[in-house]
Amino acid sequence: MSAALHARDLGKRYGRRWALRDCTVDIPAGHVVGLVGPNGAGKTTLLKLAAGQLTPTSGTITVLGGRPTGEPAQLARIGFVAQDTPVYAGLSVADHLRLGARLNPGWDAALARDRVERLGLDPRHRAGKLSGGQRAQLALTLGLAKRPELLILDEPVAALDPLARREFLQGLMEAVAEHELSVVLSSHLVSDLERTCDYLIVLVGSRVRAAGEVEDLLATHHRLTGPRRSPDRLPGDWQVVSARHTDRQSTLIVRTDAPIHDPAWSVSQVTLEDLVLAYMDEPAPAHLRPVLEVKR
Amino acid sequence: MIWLTWRQFRVAAATAAAALVVLAAALALTGPGLASGYSAGITACARDGGCPRFFDRFFDDHQLPFLAVTLVVLILPALLGLFWGAPLVTRELEAGTHLLVWNQSITRTRWLAVKLTFTGLAAVAAAGLCSLVATWWSAPLDRSAAPGFGLMDPLVFGARGIVPMAYAAFAFVLGVTVGMLVRRTVPAMAVTLVLFAAVQIVMPLAVRPHLLPPVGASFALGPENVDSFGKAGDQEFPHLTLESAIPGDTGAWVLSSRLTDPSGRVAGGEGLPATVRVSTTSGPCGPSQQSREPGKGFESCIAEINRLGYRQEAVYQPFERFWPFQWIETGIYALLTAGLAGLCFRWIRRRLS
């Protein structure tokens, strides 16, 4: 499978502070990839690096096989909707479409016009007077109509109300289905990603804690409840993601490919949210716990 | 890209254009009257020989509008730097729209190049136009200006000819550069103002006097370079104050003007009264001579002071260097502008986002 994004030991430093450090991640093409992690995990930095808005301090990154250097040819292949979906407040909706048409050789004017029409946006309306949802839709339209191979969205729905959020994600899904593009979408809300993404990456402190297709992740993770047991007496092929103990009882979330037969444990399904929270909670230092990836 | 630049710039451009039109209209309405008043006065004074007095009166009458117009031309580059230069990039950074526009299929170098060129040329054109109408309007006043307000003097030099265009280009690019480094509009505007004002003060004080080696010469005293001469009742000798002017070179930029006594020592100068050891009890400066030839008394007394060996020692830049200085200074600011623009391009490629 070709990689949409491949980063190796990627780092970005602002002054003395590392916003992203030693990040190694592979994002396959042809998916809607959800990038999830706590604030400060480096999601925005990673996505800006991928879009060519930043240059890395260390390490390498390739996007769609090319380096995001800010050259026009590479820029044309990547659509980027930045955090808070910025648009020019003083420019009208029509002005934005004109901007896109003039600055992108591959601009799909029909797509842009249709989308704006379908959204019910008045082309003469100033972008500064649009609602948050409409503004996000306008930014998405600009990102889509340049016909990129990869669309990167950084927390596009963070500031939207639930209804606008659903509409935005629906519009995104329709466009993905129609134009067969790869998408990387970051969020700290798992519920948003659950509906849209078929691939999930959990990024905590610049490290990938879990990555894989959503189905596989759900199939290989289990919640176990049983009598209290010390961790070193668990089967060797279990990857314990999180463990909670009371005096008598242990509750574990484990990853294993093998079925669980031990009758001492009662096994239940985990939701995507449980899974993500378990990885985000994980206190273990990175060097003790190998980076986990679902093998396919 | 030019379309987008124009689309973002057109309100500011229209505002500036409107202000310029108002200024140009005001000057166009009053300019012909000023010119005809001047030529009528010159014809009249040429007959009765009172031209110095006419110049004084004419300049005094119009000093306020003269200063106002001059100040407008001096301040305009700073305004362009503040309101066109500083927000050019910071506005995008503050609204986050740089992330939108830099992800279109166009390099940010080209984005900056178009913005800098287009808006920068507009700034130069605005300053050039403003200087042109001001230079035209104040031509009669520049010819009759009092010492300190001549074309070569620091206050006026920067508001005439071609240097205002160079100032505008420099102020604009300075604003853009500071904006890129500071990244916030209002602080960037403040820093731009401080830096530009500092450069504009340092230039005439420390740099311009040395653009070409100044001329040093000594001059006999006469009505052109003596401001006042007189004696207070309780003093033995009279006091003489020099005018900052060069005999035979009206409009020269006087850098220093001092009175030297017969032994060549400095007796005083720079506008301060100096004691002249000439007898006021007898001789040409004595009371008998003064009463015998009323009106002629001053000249014969000055002639006596000259005979004793008092001289004006002056260091100055001759008036005919006005245009060489304009070109040299324009060149210096053009170089500064180019340097800052280079810095902007480096910065936008390497650091910004």
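Computed from a predicted model, the values in this text were never measured in an experiment.

Here's the deal with the UniProt feature "domain: ABC transporter" (unreviewed entry) in chain A
1) Next: Taking the UniProt record as the reference, the feature "domain: ABC transporter" (unreviewed entry) is found at residues 5-230 of chain A.
2) Next: For residues 5-230 of chain A, helix accounts for 36% and strand for 30%, while the C-alpha atoms at its two ends are 40 Å apart.

Topic: the state of the cysteines
1) Next: Tallied over the entire structure, the rule returns 1 disulfide over all chains.
2) Next: Two residues share a disulfide in this structure: B:Cys45 and B:Cys51, whose sulfurs sit 1.9 Å from each other. Handedness of the B:Cys45-B:Cys51 disulfide follows from its S-S torsion of about 75 degrees: it is right-handed. A single burial state applies to B:Cys45 and to B:Cys51, both of which are buried.
3) Next: Among the cysteines around A:Cys197, which has no disulfide bond, A:Cys23 carries the closest sulfur, lying 17 Å off.

Digging into the UniProt feature "transmembrane region" (unreviewed entry) in chain B
Residues and elements named next belong to chain B.
1) Next: Taken from the UniProt record, the annotation "transmembrane region" (unreviewed entry) applies to residues 65-90, 111-137, 157-181, 188-207 and 330-348.
2) Next: Helix makes up 100% of residues 111-137 and strand makes up 0%, while its end C-alpha atoms are separated by 39 Å.
3) Next: Taken end to end, residues 330-348 is 100% helix and 0% strand, and its first and last C-alpha atoms sit 27 Å apart.

With respect to the domain arrangement of chain B
All names here are of chain B.
1) Next: Domain assignment breaks chain B into domain 1 (2-213 + 320-350) and domain 2 (215-319).
2) Next: One C-alpha centre belongs to domain 1, the other to domain 2, and the line joining them spans 40 Å.
3) Next: Domain 1 puts 14 residues into the contact, and the matching count from domain 2 is 10 residues.
4) Next: Counting the contacts that link domain 1 with domain 2 gives 0 salt bridges.
5) Next: At the junction of domain 1 and domain 2, the tally comes to 7 residue pairs in polar contact (both at pLDDT 80 or more).
6) Next: Its residues assigned to classes, the side of domain 1 that touches domain 2 shows 10 nonpolar, no polar and 4 charged.

Topic: helix α2 (residues 51-61) of chain B
Residues and elements named next belong to chain B.
1) Next: Of the positions making up α2, those classed as buried are Cys-51, Phe-54, Phe-58 and Phe-59. The arc that holds the buried residues of α2, viewed along the axis, is 120 degrees, so those residues lie on one side. Opposite the packed face of α2, turned more than 90 degrees from it, sit the exposed residues Pro-52, Arg-53, Arg-57 and Asp-60.
2) Next: Buried residues along α2 sit against α1 (2-48), α3 (63-95) and α6 (139-143).

What about the sheet that holds strand β4 (residues 58-63) of chain A?
Residues and elements named next belong to chain A.
1) Next: Spatially, 3 strands are ordered β2-β1-β4 in an open sheet, and the strand pairing comes out antiparallel. Taken across any chain shown, the strands that pair with only one partner, and hence form the sheet edges, are β2 (17-28) and β4. Sheet twist, expressed as the mean angle between neighbouring strand axes with direction ignored, is 20 degrees.
2) Next: Pairing of strand β1 (residues 3-14) with β2 involves 8 bridges; the strand directions are antiparallel. Residue Tyr-14 lies in a different strand from β2, and its bridge partner there is Arg-17.

A look at the interface of chain A and chain B
1) Next: The interface is formed by 32 residues belonging to chain A together with 23 residues belonging to chain B.
2) Next: On the chain A side of the contact with chain B, A:Gln53, A:Tyr88 and A:Leu103 bury the most area, a combined 31% of that side's loss.
3) Next: At the junction of chain A with chain B, the criterion picks out 1 salt bridge.
4) Next: Of the charged contacts, one joins B:Arg7 and A:Asp95 as a salt bridge, the two residues approaching to 2.8 Å between their closest N and O atoms.
5) Next: Those elements that provide at least two residues to the side of chain A that touches chain B are α2 (72-77), β5 (78-81) and α3 (93-103) of chain A.
6) Next: When residues of the side of chain A that touches chain B are assigned to their parent elements, the largest contribution, 7 residues, is made by α3(A).
7) Next: Of the residues contributing to the side of chain A that touches chain B, the split by class is 16 nonpolar, 10 polar and 6 charged.

As for the sheet that holds strand β3 (residues 239-242) of chain B
All names here are of chain B.
1) Next: With respect to topology, 3 strands assemble into an open sheet ordered β2-β3-β6, the strand pairing being antiparallel. For this open sheet the edge positions go to β2 (226-230) and β6 (274-275), each flanked by a neighbour on one side alone.
2) Next: One ladder, built from 2 bridges, connects β3 with β6; its direction is antiparallel. In the strand pairing of β6, His-239 is matched with Thr-275.
3) Next: This element, helix α11 (residues 297-308), spans β2 and β3 of the sheet and lies at about 95 degrees to β2.

What about a nonpolar patch on the surface?
All names here are of chain B.
1) Next: A grouping of Leu-71, Ile-75, Leu-79, Phe-83 and Leu-155 is seen on the molecular surface, where their side chains present a nonpolar patch of about 440 Å² in accessible area.
2) Next: A per-element tally of the nonpolar patch places α3 first, with 4 residues.
3) Next: Position of Ile-75 among the secondary structure elements: in helix α3.
4) Next: For Ile-75, a relative accessible area of 43% gives the class partly exposed.

Some thoughts on the nonpolar core
1) Next: The biggest cluster of nonpolar side chains holds 128 residues, and the ones touching the most others in it are A:Leu153, A:Leu172, A:Val183 and A:Leu200.
2) Next: One finds A:Leu10, A:Leu46, A:Ala82 and A:Ala211 within the second-largest nonpolar core, a separate group that totals 32 residues.

Regarding the environment of B:Phe237
Residues and elements named next belong to chain B.
1) Next: Tracing the backbone through its elements, the reader meets Phe-237 in the loop between β2 and β3.
2) Next: Looking at Phe-237, the relative accessible area reads 17%, which means it is buried.
3) Next: Put simply, Phe-237 and Arg-277 are 40 residues apart on the chain and 5.6 Å apart in space, counted from C-alpha to C-alpha.
4) Next: Excluding residues within four positions of it along the chain, Phe-237 makes contact with Lys-231, Thr-275, Val-276, Arg-277 and Val-278.

Some remarks on the pairing of strand β11 (residues 239-245) of chain A
All names here are of chain A.
1) Next: Direction of pairing for β11 relative to strand β12 (residues 249-255): antiparallel, over a ladder of 6 bridges. By the bridge assignment, Arg-244 is partnered in β12 with Thr-251.
2) Next: Hairpin remark: β11 followed by β12, antiparallel, with 3 residues in the connecting loop.

Side note on the side chain of B:Arg160
1) Next: Looking at the element boundaries, B:Arg160 is found in the loop between α7 (154-157) and α8 (163-182).
2) Next: Those residues in contact with B:Arg160 that lie beyond four places of it in its chain are B:Phe66, B:Thr70, B:Ser131, B:Thr135, B:Ser138, B:Asp142, B:Leu151, B:Phe322 and B:Gln326.

Quick look at unusual backbone geometry
Residues and elements named next belong to chain A.
1) Next: A positive phi angle is found at Arg-147, which is not glycine, with a value near 55 degrees.
2) Next: For Arg-147, the position within the fold is in the loop between α5 (132-145) and β6 (150-154).
3) Next: Judged by its relative accessible area of 39%, Arg-147 falls in the partly exposed class.
4) Next: At Glu-155, a residue that is not glycine, the phi angle is positive and equals roughly 45 degrees.

Some thoughts on the packing of aromatic side chains
Residue and element names in this part refer to chain B.
1) Next: Overall, the coordinates contain 18 aromatic pairs over all chains when judged by the stated rule.
2) Next: Summarising the aromatic geometry, the rings of Phe-59 and Phe-149 are spaced 5.6 Å apart at their centres and angled 40 degrees between planes, so their arrangement reads as tilted. Of this pair, Phe-59 sits in helix α2 while Phe-149 sits in the loop between α6 and α7; the two residues are 90 residues apart in sequence, bridging distant segments of the chain.
3) Next: Ring plane angle 80 degrees and centroid distance 5.5 Å describe the contact between Phe-157 and Phe-322, whose orientation is recorded as edge-to-face. With Phe-157 in helix α7 and Phe-322 in helix α12 (residues 322-350), this pair connects stretches of sequence that are 165 residues apart. Taken as a pair, Phe-157 and Phe-322 share a single burial class, namely buried.
4) Next: An aromatic cluster is present here, built from Trp-6, Phe-9, Trp-84 and Phe-118 joined pairwise through their rings.

Thresholds applied
- The residue count restarts for each chain, going from 1 along the sequence in the order it is written.
- Think of it this way: whatever chain is written first is A, whatever ligand is written first is 1, and the rest follow in order.
- Under the rules for a predicted model, residues below a pLDDT of 70 receive no local features and side-chain atom pairs below 80 are neither given nor counted, while totals for whole chains, interfaces and linings still include all residues.
- Only heavy atoms go into the side-chain values, all of them from the structure, while hydrogens and water stay out.
- UniProt positions are given in the numbering used here, feature names are shortened, and annotations may be inferred rather than shown by experiment.
- Numbered from the N terminus, helices here are DSSP runs of H or I no shorter than four residues, and strands are runs of E no shorter than two.
- Count a disulfide wherever a pair of cysteine sulfur atoms falls within 2.5 Å.
- When accessible area is computed with a 1.4 Å probe and restricted to protein chains, residues below 20% of their type maximum are described as buried, those above 50% as exposed, and intermediate ones as partly exposed.
- Start and end points for every domain follow an automatic or database-based domain assignment.
- In what follows, a contact means two residues having at least one pair of non-hydrogen atoms within 4.5 Å.
- For this analysis, a salt bridge means a side-chain nitrogen from Lys or Arg found within 4 Å of a carboxyl oxygen belonging to Asp or Glu.
- For the purposes of these results, a polar contact is taken to be a pair of N or O atoms within 3.5 Å, where, inside protein, one atom must be able to donate a hydrogen and its partner to accept one; residues adjacent in sequence count only when each atom of the pair is a side-chain atom.
- Polarity classes work like this: nonpolar for Ala, Val, Leu, Ile, Met, Phe, Trp, Tyr, Cys and Pro, charged for Asp, Glu, Lys and Arg, and polar for all others, with Gly in that last group.
- By definition, the arc is the one covered by directions from the helix axis to the C-beta atoms.
- At least two bridges found by DSSP between two strands are what make those strands a pair.
- Orientation is described by axes fitted as lines to C-alpha atoms, over the contacting stretch for helices, and by angles from 0 to 180 degrees between their N-to-C directions.
- By definition, the buried area sums, over both parts, the 1.4 Å-probe accessible area that each loses when the two are put together.
- Note on patches: the residues involved have over 30% relative accessible area and no salt bridge, like charges join within 9 Å, and the nonpolar side chains Val, Leu, Ile, Met, Phe, Trp and Tyr join within 5 Å.
- Surface accessibility in these figures is a Shrake-Rupley result with a 1.4 Å probe; residues are shielded only by whichever protein chains are displayed.
- Nonpolar cores are built from buried Ala, Val, Leu, Ile, Met, Phe, Trp, Tyr and Cys residues. Side-chain atoms within 4.5 Å join them into one set.
- The pairing test for Phe, Tyr and Trp rings, Trp by its six-membered ring, is centres within 6.5 Å, and the orientation test on the planes gives stacked under 30 degrees, edge-to-face over 60, and tilted for anything in between.

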